Amino acid sequence: MKASIISIAIPGSLSSLWTTVRSAGAFNVACSFAALWTFVKVIRALRWRLKTTQLRGPPRTSFVYGVSNDLASSKDSATMYEHWAQEYGVAYMIPSVLGQTKIVLSDPKAIAHFYARESWTYARTPLSLVMIEKLVGRGVLWSQGESHRRQRKALTPAFSNTAIRKLTSVFYDSAHKVKGAWDAELESSKDGNAVIEVQNWMNHVSLDTIGIAGFSHDFGSLDGKHASVTEVFDTFGNNPKASAENQRINLTKKLNATMGEISNDLLLRSRREKDVNVKDAEEEKSIIGLLIKAEGQEAELHMPEEEVVAQMKVLLLAGYETTSTSLTWALIELSRHPDVQTRLREELLVFGADPTYDQLKANLPYLDAVVHEILRLHPAVSLFNRCARTDDVIPLSEPVCNASGEMTDSISIGKGSLMVISIRAINRSSAIWGPDAKEFKPDRWLTEDGISGKAKEVQGHRHLLTFVDGPRTCLGKDFAITEFKTVLSVLVKNFVFEMRDGPDTQVEIAMGILPRPRVVGEDGIGVPLRVRRYE
């Protein structure tokens, strides 16, 4: 009896033992992987500390977030970056999320070195690549290294001086549509003036312009036509819930789907037109023509359909967001500074007819000064983040004190270092641009000594970082500046602008896809200005 009991009990005991062993084995394997992951992280951290110059910087204000929350909640993070540069030197470190550290560059020589190696030595972080791919696909904004060089080379002819010269009439057409609509609104008003929400109008100008100039497609938003892409773009700025992360993700998906649908439709239509009509060489200067040419198997720089659609999404995004934001800021600053507005109008009226592309570039110095002062004070993209793919040594124009108290005129950068440049802080830095750096002062662009020696060391377009520098200098820079000048010249010549609630009206930054101006107290991205005809 005992034997039978034992014989029955043993199998159960073995089963339990095997289960225990298996559980212990799985646990041990998990522990081993965790230990290996921790070991690799520690080794990488030690290597980074050995390879990277340890710099001074602000203390961590949050154990989890470092100073990231302080920057995110600040109404003017650029001032925080500038203050830290004054306190810790032209290169310093800031604590970031989950124990990470970022290196901030505020020195023109260091920034020039950094941008010259951007896309190869310094690349986007994996997270930013994922976000860009989800939004606009694997186009020129996403690509890096050799892929970026190839895509950029395929797109460059569409943004040449010759190509933009032919597109200037498109810019004027959009500007005069706005003029016509505002004339009609003022005609119906009792006292000859009206409050107009100018930011929405600038959005429509930018969208219709990039549609016609880039794709030979008229979205018709200036004519009151419903454009699905306008609705999706505007949702980012006008929906207060968009600040919540889950809402932003949903909006990004919707934006991606809408832009993809429009891009595919434009691509198919252009192919059909190409099949029916033999396009001449001039027509291939259009952006869509160059993209279709690159898509062909026989193209010198082959661009598959996925990349073609991605480029179109980038162009829609850039064409809608950046120029419209700059135009809105220009109308705000001119409303705040009526003397500048009057002087600009006088220059335009003396000149007479709508200036040509070449005249916009060379014959209207005050218009050029106003435009570049807006681009300096209000860059569309305010922050530039990258990750070091390899070790590097960055030279400095002036020595900094490292964490050990020693002075150094260069900093070593270890692979994996997170790098930050605050474009807005550099453009507005008192150390670089002088004591009046925060002021709207177009005259600084008209005299020899208007731009300080330190600012002249900044190697971006006209000593600005607004269009970045190096291999990723904004491809559409001249397109954007010409459109900016064209629209602004038409509006200022024909209308007088004032802040609705007086010159002291406060303006804040609202987060859309890119930061946008908003009059304090307005919903969404509202910028209501009082407008009347100039007579």
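Right above here is the structure, for reference.
Residues numbered from 1 in each chain as written. Predicted model: local features only at pLDDT ≥ 70, side-chain atom pairs only at ≥ 80, totals over all residues. Heavy atoms only, no water.

Participant: Whenever I open this one, the overall build of the chain confuses me. Can you help?
Facilitator: Scanning the chain from N- to C-terminus turns up 18 helices and 12 strands. Within the chain, counting contacts between residues at least 6 apart in sequence, those at least 24 apart form 72% of the total. In the form shown here, the chain has an accessible surface area of approximately 25400 Å², with 56% of it arising from carbon and sulfur atoms. (Helix = DSSP H or I, 4+ residues; strand = E, 2+ residues; numbered from the N terminus. Contact = heavy atoms within 4.5 Å. Areas by Shrake-Rupley, 256 points an atom, 1.4 Å probe, with all protein chains shown as cover.)

Participant: Just to check I follow, could you spell out empty space enclosed by the protein for this structure?
Facilitator: Empty space among the atoms becomes apparent when a probe as large as a water molecule is rolled across them. Within the structure shown, the criterion is met by 2 cavities of 30 Å³ or more. Of the voids in this model, the second largest cavity is the one considered here, and its volume is about 30 Å³. Lining of the second largest cavity is provided by Asp-76, Ala-78, Thr-79, Glu-82, Arg-424, Ala-425, Arg-428 and Lys-438. Among the elements of the structure, helix H3 (77-88) and helix H16 (423-427) are those that each provide at least two residues to the lining of the second largest cavity. Per-element accounting of the lining of the second largest cavity gives the leading share, 3 residues, to H3. (1 Å grid on protein atoms, 1.4 Å probe; cavity = no way out; pocket = protein on both sides within 12 Å on 5 of 7 lines; lining within 4 Å. Points joined across faces, edges and corners; volume = space filled by probe spheres on them.)

Participant: Quick question: what am I supposed to make of unusual backbone geometry here?
Facilitator: Glycine aside, residues mostly have negative phi, and peptide bonds are mostly found in the trans state. With phi around 50 degrees, Leu-98 is a residue other than glycine that occupies positive phi space. By relative accessible area, which is 68% here, Leu-98 ends up exposed. We note that His-463 has phi near 65 degrees; this positive angle belongs to a residue other than glycine. Mapped onto the secondary structure, His-463 falls in the loop between helix H17 (430-433) and helix H18 (477-494). (Buried < 20%, exposed > 50% of the residue type's maximum accessible area, 1.4 Å probe, protein only.)

Participant: Looking at this model, I keep getting lost on the packing of helix H15 (residues 365-377) against H18. Mind explaining?
Facilitator: In a packed pair of helices, the relevant descriptors are the angle between the two axes and the axis-to-axis distance. Running from N to C, H15 and H18 cross one another at 120 degrees; their axes reach a closest spacing of 10 Å. Judged by the angle between their axes, H15 and H18 are oblique. As H15 packs across H18, the resulting crossing turns out to be right-handed. When H15 is examined against H18, the residues Leu-367, Asp-368, Val-370, Val-371, His-372, Ile-374 and Leu-375 are found in contact with a partner set consisting of Ile-481, Phe-484, Lys-485, Leu-488 and Ser-489. When the residues that make up the contact of H15 with H18 are grouped by side-chain class, the tally is 8 nonpolar, 2 polar and 2 charged. (Axes fitted to C-alpha atoms, helices over the stretch in contact; angles between N-to-C directions. Parallel < 35°, antiparallel > 145°, perpendicular 65-115°, else oblique. Left-handed = near helix turned anticlockwise from the far one by under 90°. Nonpolar A, V, L, I, M, F, W, Y, C, P; charged D, E, K, R; others polar.)

Participant: Got a minute to help me understand the pattern of salt bridges in this structure?
Facilitator: Opposite charge on two side chains permits them to pair, given that their charged atoms come into close proximity. In total, this model carries 30 salt bridges according to the counting rule given. Between Glu-82 and Lys-438 there is a salt bridge, with its nearest N and O atoms 2.9 Å apart. One end of the pair, Glu-82, is in helix H3; the other, Lys-438, is in the loop between H17 and H18, with 356 residues separating them in the sequence. Here the salt bridges do not stand alone but share partners, grouping Glu-373, Arg-376, Asp-436, Lys-441 and Arg-444 into one network. (Salt bridge = Lys/Arg side-chain N within 4 Å of Asp/Glu carboxyl O.)

Participant: Got a minute to help me understand the environment of His-378 in this structure?
Facilitator: With respect to the helices and strands, the residue His-378 is situated in the loop between H15 and strand S5 (383-388). Accessibility expressed as a relative area gives 7% for His-378, which makes it buried. Considered as a pair, His-378 and Thr-325 are 53 residues apart in the sequence and their alpha carbons are 8.7 Å apart. Not counting chain neighbours up to four residues away, the residues in contact with His-378 comprise Trp-329, Glu-333, Arg-424 and Arg-428.

Participant: How should H18 be read in this particular structure?
Facilitator: Note that an α-helix has 3.6 residues per turn; residues three or four places apart therefore point the same way. With 18 residues, H18 should cover 26 Å at 1.5 Å per step; its first-to-last C-alpha distance of 26 Å lies within 8% of that length. With 16 of its 18 residues buried, H18 lies for the most part within the structure. (Expected span 1.5 Å × (residues − 1).)

Participant: Mind showing me how you'd approach the side chain of Ser-489 here?
Facilitator: With respect to the helices, strands and loops of the structure, Ser-489 is situated in helix H18. Dropping the residues within four chain positions of it, Ser-489 is found in contact with Tyr-172, Leu-348 and Leu-367.

Participant: Just to check I follow, could you spell out helix H5 (residues 126-136) for this structure?
Facilitator: Of all the positions in H5, only Leu-129, Ile-132, Leu-135 and Val-136 are classed as buried. One face of H5 carries all of its buried residues, which in axial projection span an arc of 135 degrees. Turned more than 90 degrees off the buried face of H5, the exposed positions are Pro-126, Leu-127, Met-131 and Lys-134. Count one or two residues on from H5 and you reach Gly-137, which has phi positive near 85 degrees. (Arc of directions from axis to C-beta.)

Participant: What is the right way to read the pairing of strand S1 (residues 91-95) from this model?
Facilitator: Every regular strand shows the same layout, with side chains that alternate between the two sheet faces. For S1, the buried fraction is high: 5 of the 5 residues fall into the buried class. Residue alternation in S1 divides its side chains into two sets, Ala-91, Met-93 and Pro-95 and Tyr-92 and Ile-94, and both sets are buried. The pairing of S1 with strand S2 (residues 101-105) spans 5 bridges and is antiparallel. Paired with Ile-94 across the strands is Lys-102, a residue of S2. (Pairing = 2+ DSSP bridges.)

Participant: Teacher, can you tell me more about the nonpolar core here?
Facilitator: In summary, soluble globular proteins display a tendency toward joint burial of nonpolar side chains. Counting 80 residues, the largest nonpolar core has Leu-105, Trp-182 and Leu-488 as its most contacted members. The element best represented in this core is H15, accounting for 8 residues. Each residue touching Trp-182, except ones within four places of it in the same chain, is listed here: Ile-196, Val-198, Trp-201, Met-202, Leu-491, Phe-495, Phe-497 and Val-531. Formed by 27 residues, the second largest nonpolar core is a distinct cluster that contains Phe-159, Ile-262, Ile-288 and Met-303. (Core = buried A, V, L, I, M, F, W, Y, C linked by side-chain atoms within 4.5 Å.)

Participant: Please explain the sheet that holds strand S9 (residues 495-499) as it appears in this structure.
Facilitator: What links the strands of a sheet is backbone hydrogen bonding, and the strands pair in either a parallel or an antiparallel sense. As summarised here, the arrangement of the 3 strands in space is S4-S12-S9, forming an open sheet in which the pairing is antiparallel. Edge positions in the sheet fall to strand S4 (193-197) and S9, since each of these pairs with one other strand and no more. Geometrically, the sheet is characterised by an average inter-axis angle of 35 degrees between neighbouring strands, direction not taken into account. Of the strand pairs in this sheet, S9 and strand S12 (residues 528-533) are connected by 5 bridges, and their pairing is antiparallel. When the bridges of S12 are listed, Phe-497 appears paired with Val-531. Most of the contacts of helix H8 (residues 198-215) go to S4, to which it runs at about 65 degrees, and overall it touches S4 and S12. This element, H18, spans S9 and S12 of the sheet and lies at about 90 degrees to S9.

Participant: Could you clarify how one ought to interpret the sheet that holds strand S3 (residues 122-123) in this entry?
Facilitator: Sheet architecture is open: 5 strands sit in the order S1-S2-S8-S5-S3, paired in mixed fashion. Strands with a single pairing partner mark the edges of an open sheet, and in this sheet they are S1 and S3. In this sheet, S5 lies alongside S3 in antiparallel orientation, the contact comprising 2 bridges. Across the sheet, Tyr-122 pairs through a bridge with Ala-388, a residue of S5.

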